[in-house]
Amino acid sequence: MSSPSPKSPELSEKDKKYDRQIRLWGEHGQRLLETANVCLINASALGSEILKGVVLPGIGGFTIVDGRIVTEEDVGSDFFLDTQSIGQSKAKCCKELLQELNPDVRGDYVDESVESLLESRPDFFTTFKIVVATSLSEKTLIALSKLLWERQVPFFYCRSLGMFGSIRLQIKEHRIVESHPDSRQSDLRLENPFPTLKQHLDATNLTPKVPWLVVLYKYLQKWIEKHNGKFPRTYQDKEELRIMIREGMTADEENYEEAIRAVNSSFGGGKPPTALQNIFDDKSCNELNKNCNPFWIIVRAVRDFIQSENNGYLPLAGVLPDMTADTESYINLQNVYRQQAMQDADNIFRRTQQLLRSLGLEEDLIQEEDVHLFCREVSGLAVFRGTKISDEYEKSYKSVHIAQELRSPGSLIEHYVALRAFERFQTELGHTPGECNVETDTAKLKSVASKILSEWGIAETLSDDLVHEICRFGGAEIHSVSAFVGGCAAHEIIKIITEQYKPVNNTFIYNAITSESACFKL
Amino acid sequence: MEVNNSSVEHLPQLSKRFGHLRKITERPGPFCHANFSASPENLEFLSTTCKILIIGAGGLGCELLKDVALMGFNDIHVIDMDTIELSNLNRQFLFRKNDIGFSKAERAAAFINARVPTCHVTPHFCKIQDYGEEFYRQFHIIICGLDSVVARRWINGMVLSLVKYDDDGSIEQESVIPIIDGGTEGFKGNARIIIPGLSACIDCTLDLFPPQVTYPLCTLANTPRLPEHCIEYVRVIQWEKENPFKAPLDGDDPQHILWIYEKSLERASQFNISGLSYRLVQGVIKHIIPAVASTNAVIAAACATEAFKVATNCYEFLNNYMVFNDGDGIYTYTYAAERKPDCLACSNIPRSVSIEDPNTTTLEDLIKQLCEDQEFQMKSPGLTTLIDGKSKTLYMSTVKSIEERTKCNLTCSLGELGLKDGQEIMVADPTTPNTIIIKLKYNTNEVEMK
Ligand SMILES: [Zn+2]
């Protein structure tokens, strides 16, 4: 029986508590989360649900801004208010019950309206990693959107109205190294093996024990020889290759079978996909400067490496899928890939150091392990460039996309327009549509919606039923709808903070009546 | 269309508190279900009559309890056999550090009852199998927030067995209890509604649950290539052989995990395999599924919305399956999962099991087929049949004395056991409270018949 070793590999208390999520975004993602601060403007069931979704996984801190007093109706839809809260500051009560969820998280509140804070201390909002807001007036939303765009603070505006909800992300530029694609094409370089791979494959004899990759390589050579140096491209080519491998079988060798199955998916990796090529062509990559994000310096180093010495091939990811084989031949092959990947990454790391020096920046701005991670994930790199929310409120707003969508039946873009009309109604008439009288407000809301659409130069109208339904809600916030939208928004916030997984681009609409959702780029 | 306050006056605490819900339940609307009548009675039904059961008080269960409590449900029951662990706290938000070791159902119920005074949650700290028909029959709606396929199938079978039929074979509506089922894994999830006897049930869509990854024994023993192979070798072979703690492996015992970690590390270094970490060992041994608060919140919310629709008739409920994924953007998709005409659980047609050759297929082969086949996925089936009008137990592992008496049958061929083509076999399994009937279909006979 083994005694506990002095340096116990067992996880720390904190690692254990967050184990189930660290398996998704890693310890490095968790560290980013634990140092981030978010600001919630306007407490509500939706606001609480958003914060709950970032407080539980251990965000660094949160601050609630709300100048209102808790009503009995608030308590009925928001789990983070209780009966004792009625009549007290909403920001304070909500902060207390949310902070109670997780002692690792710092909670704070400002019991002042967003409007007065924007006037007295606009810089307050720019101290946060992310700002998220609910139930804003049009005027405040526009002001906040402009401020946060200017100051490059990512901003989420979320709505929950009756059975409908929305999330709008405003971010100037967001860069993702780890996008965690559902499936990855393996980069095996069979068509163009790097020298050590070629050497290894040529020196390996075909036996039933070697990985299928060796089998495929050997038969690929035969195929190429037969076709005067051409590579198999078409379906017929590949079928011929499969037949050649099958004919080479003496018994039913598993590695041959696996090689036959792998014919279709094993070629063509290693070249930059279109999205990555666009990143290489980006102005930020071509015009590096002292203030640019280190991401772009690594991108530039990768691009230079690919163009100047790697024949257009990406740095090798060095990841080999599992294959039936004996341990030794698999591990040896794996090492060939890993060593080349290491070498490529080292090369790129040296290039980043040169670039840093030429820009007059500190060399420790980019660490070796950053570059290694970057190279492993290079085929999935993503850059997200957003648009400003306040633009949607300009008279000159280019709404071609909305017009198009409105013409396709059942599109949820109609709900976006309806939510916009709801807010415009509040601005112009000073109360919530359907608060007291559904019938009269329905007629008024209809005309508000038509006005918005005609400002955009759109001939289509909103359906009477949708306008009626919006008024029927009378501004109600339904808890389960807020919980749905809040959960989604919380994860989008985590994506931005951890710089992993692709965020929504850029507007999410949810209809709980039909359980449908859609995303639009506005 | 003015809001009418008079009828809920006898429930003063509800009238204001549920101002939001009342707009939806007391006003008619263009998208409402045909059977909906706008009235204070809708909320009154939720608060005085409707009885709802939440199965599971874990990641989904905590969210579900909060959601249904704030959607106006009052008489809420929750059942869960588990106790609270540290790794639950990143998402099971009704629990704190000092709750560790206590019943999830009890702590969750106490929390909700304290926070939401309009509702009353009754906890049940036990297995779902501890209760029978009388218990489950009392509910109007059951919502499942489970991570186990076996438990889902069992409750599915239970609710199906409660469905009563008229003399003319039509379903008695009052006997039907809708099941709303949620599931999550990482950033993926699903929510669905099952109307037992009418729409696709859990067993109709068994193929949606992928079988667990297993590695061939010879890979583990002779040609390991991945760190997982080393861990599985230690778990399957070395633990059995060395039995270091004179006890079965307990994934929750840090000593046990540490032993497996150290032995796996030894094996990995012996084969030059890299990438073995303590977290990986834990993940493999405990079959850990990654989980975050947000996905559970979303899926539970979708389930609660559907429960509200079912209970109030305010909108047509989901038909019948929604998939969710927010790993890349936010994506949902809804579709109608179809019933399987010969579903093991919800059809009365005995399922055929194809047998190559009754003279070479042993009873053990048949049992293996029932466990491994995607369409059955049974756990430890017990088999009985009628031979010459007499009931005969072929094999049963759950009762020790019967196991001893029947294990000799395992190596017998079906022919030797006197089982004929078309023979009906009654199967009992932990995946269902009911008896499943399968029908043997011999392929060799079929060839002769042509
Ligand atoms: Zn079924």
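Residues numbered from 1 in each chain as written. Chains lettered and ligands numbered in written order. Predicted model: local features only at pLDDT ≥ 70, side-chain atom pairs only at ≥ 80, totals over all residues. Heavy atoms only, no water.

**A few points about the confidence of the model for chain A**
Phase 1: Scored by pLDDT, chain A comes out at a mean of 94, with 98% of its residues at no less than 70.
Phase 2: Low confidence marks residues 1-6 of chain A, where pLDDT is under 50. Its contacts with residues over four positions away, or in another chain, come to six contacts. (pLDDT = per-residue confidence, 0-100. Contact = heavy atoms within 4.5 Å.)

**Here's the deal with the packing of helix α15 (residues 327-358) of chain A against helix α16 (residues 368-376) of chain A**
Residues and elements named next belong to chain A.
Phase 1: Where α15 meets α16, the closest approach of the two axes is 9 Å, and the angle between their N-to-C directions is 125°. With respect to their mutual orientation, α15 and α16 come out oblique. For α15 against α16, the interelement crossing comes out right-handed. Taking contact as the criterion, the partners of M342, A345, D346, I348, F349 and T352 in α15 are, on α16, E368, V371, H372 and C375.
Phase 2: Split into classes, the residues belonging to the contact of α15 with α16 amount to six nonpolar, two polar and two charged. (Axes fitted to C-alpha atoms, helices over the stretch in contact; angles between N-to-C directions. Helix = DSSP H or I, 4+ residues; strand = E, 2+ residues; numbered from the N terminus. Parallel < 35°, antiparallel > 145°, perpendicular 65-115°, else oblique. Left-handed = near helix turned anticlockwise from the far one by under 90°. Nonpolar A, V, L, I, M, F, W, Y, C, P; charged D, E, K, R; others polar.)

**A short note on the coordination of the zinc ion**
Residues and elements named next belong to chain B.
Phase 1: Taken together, the protein donors to the zinc ion comprise C201 (SG), C204 (SG), C343 (SG) and C346 (SG), at separations of 2.2 to 2.3 Å.
Phase 2: Geometry at the zinc ion is tetrahedral, judged from its four donor atoms and the angles of 98 to 119° they form at the metal.
Phase 3: For the zinc ion, the donor residues sit on a single chain with the sequence spacing C-x2-C-x138-C-x2-C.
Phase 4: Among the residues examined, C346 registers a relative accessible area of 10% and is labelled buried. (Donors = N, O, S within 2.8 Å, 3.2 Å for Na, K, Ca; no water. Tetrahedral: all angles 85-135°; square planar, octahedral: opposite > 155°, others 65-115°. Buried < 20%, exposed > 50% of the residue type's maximum accessible area, 1.4 Å probe, protein only.)

**With respect to empty space enclosed by the protein**
Empty space among the atoms becomes visible once a probe the size of a water molecule is rolled across them.
Phase 1: Per the stated rule, a full pass over the model turns up two cavities of 30 Å³ or more.
Phase 2: Residue lining of the largest cavity: L141, Y157, R159, R168, I389, E392, Y393, Y416 and T507 of chain A, and that is the complete set.
Phase 3: Residues that form the lining of the largest cavity fall into these classes: five nonpolar, one polar and three charged.
Phase 4: The residue makeup of the lining of the largest cavity includes at least three contributed by each of domain 1 (13-173 + 478-520) and domain 4 (389-472) of chain A.
Phase 5: Its volume calculated, the second largest cavity comes out at about 30 Å³.
Phase 6: Forming the walls of the second largest cavity are G76, S77, E477, I478 and H479 of chain A together with R17, F18, H20, L21 and L70 of chain B.
Phase 7: Every element with two or more residues in the lining of the second largest cavity is listed here: α4 (72-77) of chain A together with α2 (19-26) of chain B.
Phase 8: Here the lining of the second largest cavity is composed, by residue class, of four nonpolar, four polar and two charged. (1 Å grid on protein atoms, 1.4 Å probe; cavity = no way out; pocket = protein on both sides within 12 Å on 5 of 7 lines; lining within 4 Å. Points joined across faces, edges and corners; volume = space filled by probe spheres on them. Domains from an automatic or database assignment.)

**Side note on the interface of chain A and chain B**
Phase 1: In this complex, chain A contributes 90 residues to the contact, which on the side of chain B involves 90 residues.
Phase 2: Roughly 7800 Å² is buried in total at the junction of chain A and chain B, and carbon and sulfur atoms are behind 58% of that figure.
Phase 3: On the chain A side of the contact with chain B, R20, F79 and R472 of chain A bury the most area, a combined 12% of that side's loss.
Phase 4: Where chain A touches chain B, the interface holds eight salt bridges.
Phase 5: Put simply, E27 of chain A and R279 of chain B hold a salt bridge, and the shortest N to O gap is 2.7 Å.
Phase 6: No other element matches helix α21 (residues 479-498) of chain A, which puts nine residues into the side of chain A that touches chain B.
Phase 7: For the side of chain A that touches chain B, a count of residues per class yields 39 nonpolar, 21 polar and 30 charged. (Buried area = accessible area lost by both parts, 1.4 Å probe. Salt bridge = Lys/Arg side-chain N within 4 Å of Asp/Glu carboxyl O.)

**Some thoughts on the sheet that holds strand β7 (residues 321-325) of chain B**
Residues and elements named next belong to chain B.
Phase 1: Read across the sheet, eight strands follow the order β3-β2-β1-β4-β5-β6-β7-β8 without closing on themselves; strand pairing throughout is mixed. Because the sheet does not close on itself, it has two edges, and the strands there are β3 (120-124) and β8 (331-335). Put simply, the sheet's adjacent strands are angled 15° from each other on average, direction ignored.
Phase 2: Summarising the sheet, strand β1 (residues 51-55) and strand β2 (residues 75-79) pair through five bridges and their orientation is parallel. Bridge pairing in β2 links I55 to I79.
Phase 3: Helix α5 (residues 104-115) rests against β2 and β3 of the sheet, and its axis sits at about 175° to β3.
Phase 4: Its contacts with the sheet put helix α12 (residues 293-312) on β1, β4 (141-145), β5 (179-185), β6 (188-194) and β7, and the angle it makes with β5 is roughly 170°. (Pairing = 2+ DSSP bridges.)

**Here we look at the confidence of the model for chain B**
Low pLDDT means the predicted coordinates in that region are not meant to be read closely.
All names here are of chain B.
Phase 1: Residues of chain B with pLDDT of at least 70 account for 96%, and the chain-wide mean is 92.
Phase 2: Predicted confidence is poor over residues 1-11, with pLDDT under 50, and the contacts of this stretch with residues over four places away or in other chains come to 21 contacts.
Phase 3: Within the model, pLDDT remains below 50 along residues 446-450, and this stretch shows one contact once partners closer than five positions in the same chain are excluded.
Phase 4: For this predicted complex, the interface confidence reaches an ipTM of 0.96, while the overall pTM sits at 0.94.

**Comments concerning a negative patch on the surface**
Phase 1: A grouping of D166, D167, D168 and E174 of chain B is seen on the molecular surface, where their side chains present a negatively charged patch.
Phase 2: Of note, E174 of chain B is situated in the loop between α7 (149-162) and β5. (Patch = residues over 30% accessible without salt bridge, like charges linked within 9 Å, V, L, I, M, F, W, Y side chains within 5 Å. Areas by Shrake-Rupley, 256 points an atom, 1.4 Å probe, with all protein chains shown as cover. Lys, Arg positive; Asp, Glu negative; His and termini not counted. Charge placed at Lys NZ, Arg CZ, Asp CG, Glu CD.)

**Focus on the packing of aromatic side chains**
Phase 1: Taken as a whole and assessed by the stated rule, the structure comprises 24 aromatic pairs over all chains.
Phase 2: Ring centres of Y261 of chain B and Y278 of chain B lie 5.5 Å apart, and the angle between their planes is 70°; on these two criteria the pair is classed as edge-to-face. Linking Y261 of chain B in helix α10 (residues 254-270) with Y278 of chain B in helix α11 (residues 278-286), this pair joins segments that are 17 residues apart in sequence. With respect to class, Y261 of chain B is no different from Y278 of chain B; both count as buried.
Phase 3: What links up through ring pairs into an aromatic cluster is the set Y131, F135, Y136, F139 and W154 of chain B.
Phase 4: Directly above the aromatic system of F102 of chain B lies the positively charged group of R107 of chain B, at a separation of 3.9 Å from the ring centroid.
Phase 5: When the ring centre of F79 of chain A is taken as origin, the NZ or CZ atom of R115 of chain B, which lies over that ring, is 5.1 Å away. (Phe/Tyr/Trp six-rings, centres within 6.5 Å; stacked < 30°, edge-to-face > 60°. Lys NZ or Arg CZ within 6 Å of the ring centre and 35° of its normal.)

**Remarks on the sheet that holds strand β10 (residues 382-387) of chain B**
All names here are of chain B.
Phase 1: The strand order across the open sheet formed by five strands is β9-β13-β12-β10-β11, and the pairing between neighbours is mixed. One side of each edge strand has no neighbouring strand; the edge strands of this open sheet are β9 (351-355) and β11 (390-395). Strand-to-strand, the axes of this sheet are offset by a mean angle of 35°, without reference to chain direction.
Phase 2: Inspection of the sheet shows β9 paired to strand β13 (residues 432-442) by five bridges, in the parallel sense. Bridging across to β13, V353 finds its partner in L440.
Phase 3: Contacts between helix α13 (residues 363-372) and the sheet are confined to β9, β10, β11, β12 (424-429) and β13, with β9 contributing the most and set at about 130° to the helix.

**Thoughts on the nonpolar core**
Here is a general trend for soluble globular proteins: nonpolar side chains tend to be buried in one another's company.
Phase 1: Counting residues in each nonpolar core, the largest one holds 152 residues, and the members touching the most others are I402 and F484 of chain A together with F73, I76, L94 and I143 of chain B.
Phase 2: Each residue touching I143 of chain B, except ones within four places of it in the same chain, is listed here: I52, L53, I54, I55, L64, V68, I180, C303 and A307 of chain B.
Phase 3: With 58 residues, the next largest nonpolar core counts V210 and A259 of chain A together with L226 and I285 of chain B among its residues. (Core = buried A, V, L, I, M, F, W, Y, C linked by side-chain atoms within 4.5 Å.)

**Re the UniProt feature "active site" (unreviewed entry) in chain B**
Phase 1: Per the UniProt record, the feature "active site" (unreviewed entry) sits at C218 of chain B.
Phase 2: Of note, C218 of chain B is situated in helix α8 (residues 217-222). (UniProt positions renumbered as here; feature names shortened; annotations may be inferred.)

**A short note on the domain arrangement of chain B**
All names here are of chain B.
Phase 1: Assigned domains within chain B: domain 1 (19-186 + 292-318), domain 2 (217-286) and domain 3 (351-442).
Phase 2: Distance between the C-alpha centres of domain 1 and domain 3: 36 Å.
Phase 3: Opposite the six residues of domain 1 that make contact, domain 3 presents nine residues.
Phase 4: When residues of domain 1 are sorted by the area they lose upon contact with domain 3, V150, R153 and W154 head the list and together hold 75% of the total.
Phase 5: At the surface where domain 1 touches domain 3, the tally comes to zero salt bridges.

**Structural notes on the UniProt feature "domain: E2 binding" (unreviewed entry) in chain B**
Phase 1: If you check UniProt for "domain: E2 binding" (unreviewed entry), the listed places come out as residues 355-443 of chain B in our numbering.
Phase 2: Here residues 355-443 of chain B runs as 20% helix and 34% strand, with 6 Å between its end C-alpha atoms.

**Side note on the environment of R23 of chain A**
Phase 1: Examined against the element boundaries, R23 of chain A turns out to sit in helix α2 (residues 19-34).
Phase 2: Assessed through its relative accessible area of 24%, R23 of chain A is described here as partly exposed.
Phase 3: Residue contacts for R23 of chain A: discarding those within four places in its chain leaves R279, Q282, G283, I288 and P290 of chain B.
Phase 4: Of note is the side chain of R23 of chain A, whose polar atom sits 2.9 Å from the side chain of D19 of chain A. (Polar contact = N/O pair within 3.5 Å; in protein donor to acceptor, adjacent residues only side chain to side chain.)

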